[in-house]
Each structure stands twice: as C-alpha cells, then as structure tokens.
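# Report on the structure
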Amino acid sequence: MNDSYSSVFHERDDWTLYRTLEGLQQVTGVGTGQFLKLAAKELTDNALDASPSCRVGLLEDNGFYIEDDGDGIPGNDEAIAYLFSIKRPLRSTKLYRMPSRGALGMGLKFVTGLVLAAEGTLKVMTRARSLQLFPQYETGKTHFKRLGNDYTAGTRIEISIPGYKTDNILEWSKKAIQLNTRTVYKGKTSPHWYTFAAFYELIKSAPDDLTIVRFLESFDGCTGNKKWQINREFPVRHVRQLTMNNALELLRKMQQLTKPVRPGRLGSVGGLSDFDGYYKIDGETHIKADKKNISTIIPYVAEIWIRDSEKPEANIFVNRTHTATDTFPYINSKELCISDCGILCYIPAKSPKEIWINIITPYFPMMSGSKKPDFHYMKDRICFAAQKAAKLLEKSHRKTHKVKRKSQKSVVLENLTTAINKASDNLKYRYSLRQLYYVSRGIVEEVLGRNLKYGNFQSIITDYENETGEDLPNIYRDDRGSVYHPHLKETIRLGTLSVENYRKPEWIFNKILYCEKEGFIEILRSAQWAEKNDCLLLTSKGYATRAARDILDILTESDEELLFFCIHDADTDGTLIYQSLVDETKARPRRKVKVIELGLLPEEGMEMDLQIEKVQRKKNKEVSKYVPSHWKKWYRSNRIELNAMDTPTFIDWLDRKIEEFAKGKLIPPKNIMIVEFQNCAHSRLKNEIKNELLKEARIEERTDERADRLFPELKEKFSPVEIKSAVTKKLDENPYLLWKEPVQDLADMVVQDILGKNDE
C-alpha cells in the first residue's frame, strides 16, 4: 500500500443539491430541458390547491406566470421569502397520505433552486403587495425587495429564465387545469393507507405540541368516542412522546376501529368533452404485512381517455397532475403500445391515438433508480380499462355515421362548460342558475333555431347533477328551507354558501326531523318542542332539495348516534319526498342515512277524521315504490294535508309518533361530560380570578384617567383636512377597503406615537 494514500470524506447538506442544475437533475430525475415545464406544473398544482381555477401564460422575457383566485399567501414579506428558500426544511401536510397533487410538497424548493441555478428572476404578487425574490447561493436563504402594494386578488407568480426555450412549457400545466373537474376526495387520510414504517415517520415528524387526540382527528373514522377510546390507552399526551411499540399499538388500534376507504370515495374527473373514448375502473392494492404484521390497503381509481390523433401520444397523470416525464408510445402491428411507469399496455388501434391515463390514489411506490411512480401492480386493470375506452371510441365513430337530430338537452350538456365559463368569467365569480340559463338559451337558439324554456333547462341541470353527483362548480342558489338547532336557538338558511360551510355542532341533538312545510317548523320552534326532544328541525319547502340531502349526508359522518324522522302530507308528493331522502343515487351510493317515516299516513288521517281532498291524477306521476300496493290507488285520487290538524292535535300526534322510536333526552358519554365540566369550571375560575385582580388593580379607573390626560394631545395631531387627505389617498391605492379601515390605521399610528413618547 502506498503510504501517501489517504481517504478524504466530504460532507454536504441536502439543500445544496437545489442550487445547481446538476443537483436539481438528481433531485427530480428530470433533464434540464424540461425544468421550466416542471416548474410551471408545480406552481399550477399549488394554485389549483388554493383556488377552484387558475390561469397560466407566457411572458415576453423567456418566462411564464401562474395566477389563482385563492386567499393569497399568508404571512409578512419575510415569511414569503422563507417559504421560497432552498434551505427551508420540509414542512408539509403532504406527509399525510392523501389522493392529492404532489407527493412531498417540495415544489417551491425546486422552483427557487431553478431560478438560482439558471440566474433567473422570481416575482411573487399576493395580498396587496409585490415582491422580487433573490435566492442566495452560499446561505440557501432568500432575500426580497418590495416592488409595490398594488396586487390584491389571489396570488400571481412570475418566472423568467434567460436562454431557455418556452416551447410547450405550459403543456403539463394546461392539462392539469383541464383535469381539475368533477368529484374529489373530501375525507381524511386513512390508517389503512400506512405501513408501520411510514406511520412511525409521520409521528416523528409531528410538531412537539401535537396531542394524540388532535392527531387522531386527522384520520378517517377516528372521531367522537373512538378517539377518546384510543387515547386513554396511552400513558403520554403528545404524539412525539410515543415509543416505537406505542406507535405500533396505536396504528393497530386505529385500523381495528375504522373501515377501509372505498375506492369510489376517491372521486374522479369524469368524461372530457374532446375525448370520445372514456372508461373508469377502481380497485384496491393489498400490500403484504410488514415485519410488524401491519397490513396496508391502498384504494385507487384509474381513468382512461382516448381519441384519434395525427401521431401516437400518451400522458400519465397521478391525482390529476402530470407525472414529471413524457411518455412515448408506438404503433406495432395495429396495436398502440404504452410502456412507462410500470404500465405495459397494448390497445387495438388501426390509426394513431392519443391516450391519457389518470391514477387517483393516496399512495404509490416509486420505480427503482428513478423518480417515476410505479403502477405495475395495477397494469392489468389499466390495460383492461384502456381497451374498453378504445372500444367506446370505435362505437362513437360508428354513431357519427348515423344522422340524428340533436335534442336541446344534448346541446345544453355539450356546451355546459363553455356556458359556465362565460357566466362566471372562467369561474372567477359565482353565478346563478338563471344567468346560466340565458347563456345556454343563446347557444341552443344558435345551434337548433329553437327556444329553450327555463323549466326544461332546470330539469336538464337537475338530472345532470343527480347523475354526476356534484353541483355545478361555483354556482349560487337561493335559500330554499332552513335548519334549526335546538338549545343554540340558531336558524341557518339552506343555500349554497351555508351548506358549503356547514359544520355539525357536537352533542347538541340526537334526533333530526325533516318536514316539507316550513310553517310547522316555526310552530315546533316556538313551542320549544325541539329543545324538549333534543331534535334538529330541517325543512326545504316541499320536495327535498339537494341542499337538504347534502345536510343529511354531512350529519351521518358523525359518530354520534342520530335518529332521522320524516313527516309529510298524505299524498303522492309526500311519498316521493320520503323516497328521495332514502334512495341511493349515483350521487350518493350506499347512502348511510336511515330515515324513519312518521307519516302522515292515510289511515291515521281517517282515524283522526281529518278532511280528505280529491285530487286529479297528474300525468306520468307515480306513487312512491315504498307505498303498499293496496294504498296506491287511494293516493292517485286522494290526499290529506298536515295542515288539516290544528296545532294542539299536530303536536300531540307528533309526540305519540316519535315516542315509538326515540330514546329520551340526549346524554353524551361520560368522558364528554367530564371534559365539558372541566372546561366550564376552568373557564369560570379564570374569569373570577381575573375580575378579582382587575378590581384590586383599579384598571378601569386608571385607564380612564390616563386616556383623559392624553386625549387632548391626540386631537391636535391631525386636522380634519389632513385626515380626509390621508384616507382618500389610501382608498385610491386600495379601492377594496371601507373608509373606516384607513381611519382606524391612522388612529392606531397616532396612538402608538403618543404612547411611545410618553413611555420615554
């Protein structure tokens, strides 16, 4: 051995990989020629997470912009600069496995590193300010320069990289925007999605102050009594204090007490207007038990779109965003062959095709030695779905040769996205159904030369929403009914915004009564019937609207035991109201709502000698399938209204009916009452002590004395002319403000100045 030989070991921090082009290649597995394309995709993913829509475009100086209509980036200038720094450690909710865009939440570090390594420029405009950011090579931090205060709506990010070609750099971004439609997963991460190793890493990355109870609330099914049942088995309070054996027992317990998430809950994009071939398939992957005997169940949904093309083309998406790679299919013996990301698929194709493959799943492994997702475990299912989509494409080709007169419904639905975009300025604003009707009416008139009636349009949209399971995006509907919470004395109108923001209050009621007549809800409310029975009152003015059914579905997500009751007129419409509440639909498969029908039943009305009205049977209107056959004939020509009862009779009837099923007053579990008792006692104790201390210190008297002494100096600080001038200038700069806000800012500044001088 040569004595002069010595081994020298060099060390470097992981963040230094983000400051060179070579390092970025290593981190992303993407060639430098696709860096701009990847950066645009990452920023688009963030924008779509923050807002229902976003816009992308090119800049003149070899760059692009991404902008959204979200709430903006929180924090001051320093916080934004820190967010765009390559030395920032990974802090992301994406450590929780979810079927969402992105895997690790490192997109901003890559974008910042690219600007640094390629000597580009980076500008961020959000929350009434514009910043230019300057990433630092030596420290990994990012400096900033304030450019102005004129940007108010959402967030806009501009990237310019000298010397890079801008051809097709927005391709992945535009496709992600196109897939940003239809249903998405609205639940939480599931304990069944984790191996023990992944679960333990999640625990060890948790904040120091995260309690086990709050941690459990982040998981599907681990709410209500279950979280307390799990929590009391562990001797420590915070998640990071759990040992490896504790963590193993915690994961086992969570899996035992919860059900796996069905693949259908993950959502889907649905058919795209410019693809004639579409097929969806779902399934589950069972990862074998690891050394800790933990089994993992990963659900997935695979969607395939296919259309004719001038050349073979394929795109692979994960959770609605493009993978960081281009796929190159080829035609072989009248078959389209796709081989990428673990997928090997042969599709019959007489001519070139373009195919899109979207996999929605909360977790996927990576291919060995690369940054690509590995879908080999579902390749057969994907191939089956692709072949089905190809057959549907051929079927659509055959249909095009047949001359068929278009219906108003087909024209409305074919142009629905266009009409929505026009009515809402590409989803920038909300819009009403009536506004959408006027846009669609013009389209139908132009295509068919016929007039579209509003009633027909309403039916088309209602059928469409029932089939797809979702309301039209960003639509606003007027209130049609209400929810009354007992004990809280709170009434919520049933409208678009109230349903979107509705959260069930905990342990306030254990029964829910749906009534088609809003007048009876007012009668029960004024009689305090809801409080006596711990019963939520729900009405939607007749036929059960989507909003009412949405509220019921939200309430069933609770772990509290709830009883659902329905009352209605003894007529055909009443039976259909009950049916609409309990039926499974495409919008709500396997609905968990179990509704108990209380009536009014015809035999009850006759027994109480209520007035029977004769009715004329409506064309094509059938009685609910739940009605016994011997009563269906009666319903077709007779009806009895709830209003036929006076108030005392109605309340007496309802009390008797609900008594058959109700279980008395609401009494929560002991642990809930103990926590409530402790919180109330602690809060009362704090208030009493606070009042004692304030009284001893003479705070009110001393405050008044000092304020009176300083007030004359404050009055002389600004003249009325100066105040008006300052307020006018501020409103010119930001017209979104109310005049009181700049007045408040001016008053705050004067008070701080006066207090500062007096403190000195």
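Scope of this entry: the structure provided in the associated data block. (Residues numbered from 1 in each chain as written. Predicted model: local features only at pLDDT ≥ 70, side-chain atom pairs only at ≥ 80, totals over all residues. Heavy atoms only, no water.)

## Details of the pairing of strand β1 (residues 54-59)
Inspection of the sheet shows β1 paired to strand β2 (residues 63-68) by 6 bridges, in the antiparallel sense. Paired with valine 56 across the bridge in β2 is isoleucine 66. In this structure, the hairpin formed by β1 and β2 is closed by a connection of 3 residues, where asparagine 62 is found at a positive phi of approximately 55 degrees. (Pairing = 2+ DSSP bridges. Helix = DSSP H or I, 4+ residues; strand = E, 2+ residues; numbered from the N terminus.)

## Comments concerning the side chain of asparagine 315
Within the secondary structure layout, asparagine 315 lies in strand β11 (residues 313-318). The exposure class of asparagine 315 is buried, given its relative accessible area of 2%. For asparagine 315, the side chain forms a polar contact with the side chain of histidine 322, separated by 2.8 Å. Dropping the residues within four chain positions of it, asparagine 315 is found in contact with Glu171, Lys175, His322, Glu354, Ile355, Trp356 and Ile357. (Buried < 20%, exposed > 50% of the residue type's maximum accessible area, 1.4 Å probe, protein only. Polar contact = N/O pair within 3.5 Å; in protein donor to acceptor, adjacent residues only side chain to side chain. Contact = heavy atoms within 4.5 Å.)

## Observations concerning the pattern of salt bridges
It is possible for side chains bearing opposite charge to pair when their charged atoms get close. This structure, assessed with the given rule, holds 34 salt bridges. Note that arginine 684 is salt-bridged to glutamate 688, the shortest N-O span being 3.0 Å. Taken as a pair, arginine 684 and glutamate 688 lie in helix α23 (residues 670-697) at a separation of 4 residues, close to a single helical turn. Since its relative accessible area comes to 54%, arginine 684 is described here as exposed. Across the pair arginine 698 and glutamate 705 runs a salt bridge, and its minimum N-O distance is 3.8 Å. Take arginine 698: its relative accessible area is 38%, and that puts it in the partly exposed class. When its relative accessible area of 46% is taken as the criterion, glutamate 705 is described as partly exposed. Each of Lys37, Glu171, Lys175, Glu313 and Asp326 takes part in salt bridges that share partners, so that together they form one network. (Salt bridge = Lys/Arg side-chain N within 4 Å of Asp/Glu carboxyl O.)

## Observations concerning the nonpolar core
Ranked by internal contacts, the top residues of the largest apolar core, which has 40 residues, are Phe64, Phe84, Leu114 and Ile159. Ranked by residues supplied to this core, first place goes to helix α2 (residues 35-50) with 8 residues. Here phenylalanine 84 is in contact with Ile73, Leu108, Thr112, Leu122, Val124, Leu133, Thr142 and Ile157, once residues within four sequence places are set aside. (Core = buried A, V, L, I, M, F, W, Y, C linked by side-chain atoms within 4.5 Å.)

## Regarding α2
A turn of α-helix holds 3.6 residues, and therefore any two residues three or four places apart point the same way. In a regular helix each residue adds 1.5 Å, so 16 residues correspond to 22 Å; α2 covers 23 Å between its end C-alpha atoms and thus fits that length. Summarising burial for α2: 13 of the 16 residues are buried, a large majority. (Expected span 1.5 Å × (residues − 1).)

## Things to note about the packing of aromatic side chains
A full pass over the atoms with the stated rule returns 21 aromatic pairs. Between phenylalanine 364 and phenylalanine 375 the ring centres are 5.9 Å apart and the planes differ by 55 degrees, which places this aromatic pair in the tilted class. With phenylalanine 364 in the loop between β16 (353-360) and α10 (379-400) and phenylalanine 375 in the loop between β16 and α10, this residue pair connects regions lying 11 residues apart in the sequence. The exposure class of phenylalanine 375 is buried, given its relative accessible area of 0%. Ring centres of tyrosine 437 and phenylalanine 457 lie 5.7 Å apart, and the angle between their planes is 50 degrees; this geometry places the pair in the tilted category. Pair noted here: tyrosine 437 is in helix α13 (residues 433-448) and phenylalanine 457 is in helix α14 (residues 454-468), with a separation of 20 residues, a long-range link. When sorted by exposure, tyrosine 437 lands in the same class as phenylalanine 457, which is buried. A connected cluster of aromatic rings, assembled from ring pairs, spans Tyr96, Tyr194, Phe199, Phe215 and Phe219. Stacked on the ring of tyrosine 137, the Lys or Arg arginine 19 has its end atom at 4.3 Å from the ring centre. (Phe/Tyr/Trp six-rings, centres within 6.5 Å; stacked < 30°, edge-to-face > 60°. Lys NZ or Arg CZ within 6 Å of the ring centre and 35° of its normal.)

## Points about the sheet that holds β11
One key point about sheets: their strands pair by backbone hydrogen bonds, in either a parallel or an antiparallel sense. Pairing is mixed in the open sheet, where 5 strands are placed in the order β9-β10-β16-β11-β12. Where the open sheet ends on each side, the last strands, each with one partner, are β9 (277-287) and β12 (321-322). In this fold helix α5 (residues 171-178) packs onto β11, β12 and β16, with an angle of close to 65 degrees to the strand it touches most, β11. (Axes fitted to C-alpha atoms, helices over the stretch in contact; angles between N-to-C directions.)

## Some thoughts on helix α12 (residues 416-424)
Among all positions in α12, only Leu416, Ala419, Ile420 and Ser424 are buried. Viewed along the axis of α12, the buried residues span an arc of 115 degrees, placing them on a single side of the element. A positive phi of about 55 degrees marks aspartate 425, the residue just after α12. (Arc of directions from axis to C-beta.)

## A closer look at the sheet that holds strand β6 (residues 155-160)
The antiparallel open sheet is built from 6 strands, whose spatial order is β1-β2-β6-β3-β4-β5. The open sheet has two edge strands with one neighbour each: β1 and β5 (142-148). Ignoring strand direction, the axes of neighbouring strands in this sheet form an average angle of 20 degrees. Across 6 bridges, the pairing between strand β3 (residues 121-126) and β6 is antiparallel. When the sheet's bridge partners are listed, threonine 121 is paired in β6 with serine 160. Taken strand by strand, α2 contacts β1, β2 and β6, and its axis lies near 10 degrees from that of β2.

## Regarding the state of the cysteines
Taken as a whole and judged by the stated rule, the model has 0 disulfides. Free of any disulfide, cysteine 345 has its nearest cysteine sulfur in cysteine 383, 3.3 Å distant. Take cysteine 345: its relative accessible area is 0%, and that puts it in the buried class. (Disulfide = S-S within 2.5 Å.)

## What to know about the packing of helix α6 (residues 196-204) against helix α9 (residues 244-257)
Two packed helices can be described by the angle between their axes and the distance between those axes. Direction vectors running N to C along α6 and α9 enclose 115 degrees, while the axes themselves pass 10 Å from each other. What the angle tells us is that α6 and α9 run roughly perpendicular. Of the two elements, α6 crosses α9, and the hand of that crossing is right-handed. For the pair α6 and α9, contact is made by Phe196, Phe199, Tyr200 and Ile203 and by Met244, Ala247, Leu248, Leu250, Leu251 and Met254, respectively. Taken together, the residues that form the contact of α6 with α9 break down as 10 nonpolar, no polar and no charged. (Parallel < 35°, antiparallel > 145°, perpendicular 65-115°, else oblique. Left-handed = near helix turned anticlockwise from the far one by under 90°. Nonpolar A, V, L, I, M, F, W, Y, C, P; charged D, E, K, R; others polar.)

## Regarding the environment of aspartate 167
With respect to the helices, strands and loops of the structure, aspartate 167 is situated in the loop between β6 and α5. Judged by its relative accessible area of 60%, aspartate 167 falls in the exposed class.

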